[in-house]
Amino acid sequence: MTTALITGASSGIGAAFADRLAADGHDLVLVARSVGVMEAHAERLRREHGIAVDVIGQDLAEPDAPERIVAALGGKPVDLLINNAGFGTCGRFEDVDAERDRRQIMVNIAALVGLTHALVPGMLARGRGGVINVASVAAFQTSPHFSVYSSAKTFVLNFSLALWAEYQGRGVNVLALCPGPVKTAFFDVIGTEEAAIGGKYETPERVVDSALKALARNRGYVVPGRGTFALAHLMPRRPRKLVALIAKRVTRGVAGTAQRSETVPARS
Ligand SMILES: NC(=O)c1ccc[n+]([C@@H]2O[C@H](COP(=O)([O-])OP(=O)(O)OC[C@H]3O[C@@H](n4cnc5c(N)ncnc54)[C@H](OP(=O)(O)O)[C@@H]3O)[C@@H](O)[C@H]2O)c1
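For the protein, the name recorded in an unreviewed UniProt entry is SDR family oxidoreductase, with Phytomonospora endophytica as its organism. Of the protein, the UniProt comment under Sequence similarities (unreviewed entry) reads exactly: "Belongs to the short-chain dehydrogenases/reductases (SDR) family."

S.K.: Which parts of the structure should I look at to understand the sheet that holds strand β6 (residues 172-177)?
M.R.: Pairing between the strands of a sheet is mediated by backbone hydrogen bonds and can be parallel or antiparallel. If you trace the seven strands from one edge of the open sheet to the other, you get β3-β2-β1-β4-β5-β6-β7, paired in parallel fashion. Strands at the two margins of the open sheet, each flanked by one partner only, are β3 (53-57) and β7 (221-222). Direction of pairing for strand β1 (residues 3-7) relative to strand β2 (residues 27-32): parallel, over a ladder of five bridges. Note on β2: the bridge partner recorded for A4 is L28. Against the sheet, helix α3 (residues 65-73) makes contact with β1, β2 and β3, and its axis sits at roughly 145° relative to β3, the strand it touches most.

S.K.: Would you mind going over the environment of V53 with me for this structure?
M.R.: Residue position: V53 is located in strand β3. Once the C-alpha coordinates of V53 and R102 are considered, the two residues, 49 residues apart in sequence, prove to be 31 Å apart. In this structure V53 touches L28, L30, A42, L45 and R46, once residues within four positions along its chain are discounted.

S.K.: Is there a simple way to explain the pattern of salt bridges in this structure?
M.R.: As a working rule, side chains carrying opposite charge can pair if their charged atoms are close by. In total, this model carries 14 salt bridges according to the counting rule given. Of the charged contacts, one joins E99 and R102 as a salt bridge, the two residues approaching to 2.9 Å between their closest N and O atoms. Pair noted here: E99 and R102 are both in helix α4 (residues 98-126), with a separation of three residues, about one helical turn. With a relative accessible area of 26%, E99 lands in the partly exposed category. For R102, a relative accessible area of 38% translates into the label partly exposed. K213 serves as the salt-bridge partner of D209, at 2.8 Å between the closest nitrogen and oxygen. Here D209 and its partner K213 are both found in helix α7 (residues 204-216), four residues apart, which amounts to about one turn of the helix. Residue classification places K213 among the partly exposed residues on the basis of a relative accessible area of 42%.

S.K.: What's the story with α3 in this structure? I'm lost.
M.R.: One turn of the α-helix equals 3.6 residues, which is why residues spaced by three or four share an orientation. Those residues of α3 that fall on the buried side of the exposure criterion are A65, P66, I69 and L73. Mapping the buried residues of α3 onto a view down its axis gives an arc of 100°, with all of them on the same face. The exposed set on the far side of α3, more than 90 degrees from its buried face, consists of E67 and A71. Elements in contact with the buried residues of α3: β1, β2, β3 and α4. Two residues or fewer past α3, G74 is found with a positive phi of approximately 55°.

Rules used in this analysis
Residues numbered from 1 in each chain as written. Predicted model: local features only at pLDDT ≥ 70, side-chain atom pairs only at ≥ 80, totals over all residues. Heavy atoms only, no water. UniProt positions renumbered as here; feature names shortened; annotations may be inferred. Pairing = 2+ DSSP bridges. Helix = DSSP H or I, 4+ residues; strand = E, 2+ residues; numbered from the N terminus. Contact = heavy atoms within 4.5 Å. Axes fitted to C-alpha atoms, helices over the stretch in contact; angles between N-to-C directions. Salt bridge = Lys/Arg side-chain N within 4 Å of Asp/Glu carboxyl O. Buried < 20%, exposed > 50% of the residue type's maximum accessible area, 1.4 Å probe, protein only. Arc of directions from axis to C-beta.

The following block contains the structure:
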């Protein structure tokens with residue numbers, strides 16, 4: 001029996017990871033702000049699969065979120081860390097609420113690094129473990145009108161591959177999951193379906209399946225879906241400024257869609 005900790009487990013891809021890992025017999029720790037949603041989900045997973053499920057209500061934008069989560073774990077070892085929680089902003093940079101972007105960096109980057117620092121040493125000491133960091137196909141290129149989101153996801157991809165290389169032969173597999181558009185509440189939060197940029201939607205279940213297969217094979221990163229894989233790999237990288245200007249044309253549909261409120265509310 002192993003224990004998986006999933007951030008952003010109250011919705012979308014994180015909830016799908018919880019369903020799949022519960023069906024595979026793993027104990028779970030679910031982390032997000034929407035405690036009511038996660039408690040109801042946890043109750044169903046305990047009943048249907050006979051596994052242990054803990055729920056930790058935590059705002060990952062708080063600077064001490066990783067330490068609080070470690071305290072709530074009370075010494076329970078975590079074998080699989082899934083840093084999935086995240087949200088995006090889009091629109092002209094000057095129109096995006098600065099506090100919303102600060103929170104985005106805290107959730108999408110700082111909490112992810114903090115939890116990895118907190119939980120990987122235990123995995124290394126036990127000689128086995130896994131980390132899945134949810135990046136995005138947006139990690140592969142500069143994306144005007146998604147300036148902070150795409151840059152954060154580039155960080156997640158590079159960070160994950162660095163650890164993947166460091167932990168070769170040490171029993172800990174690290175994977176960056178880089179999906180294109182996935183049918184979740186992500187687009188409600190970012191404020192527009194146009195943020196999908198015309199891509200074909202994957203389901204959360206297919207994305208989770210791709211991630212778990214790629215982690216087992218220690219692939220380092222995975223881009224689910226053939227079309228999305230091609231987009232990530234065939235797009236030219238250079239000349240960098242020309243690529244950025246072309247990307248600005250591709251993303252111009254979201255230029256006027258910035259969310260002005262500073263916080264994204266939890267679900268319950
Ligand atoms: N959907 C897509 O098209 C797509 C594509 C590529 C990558 N991704 C990435 O996939 C990941 C999961 O997103 P999703 O598509 O499943 O969207 P989602 O349905 O909106 O789920 C986002 C999850 O993140 C959690 N979260 C957000 N802010 C948080 C905070 N301050 N503290 C704690 N938890 C927080 C949410 O929980 P609470 O609101 O309960 O806190 C929720 O469980 C994200 O990292 C996203 O960037 C999504």
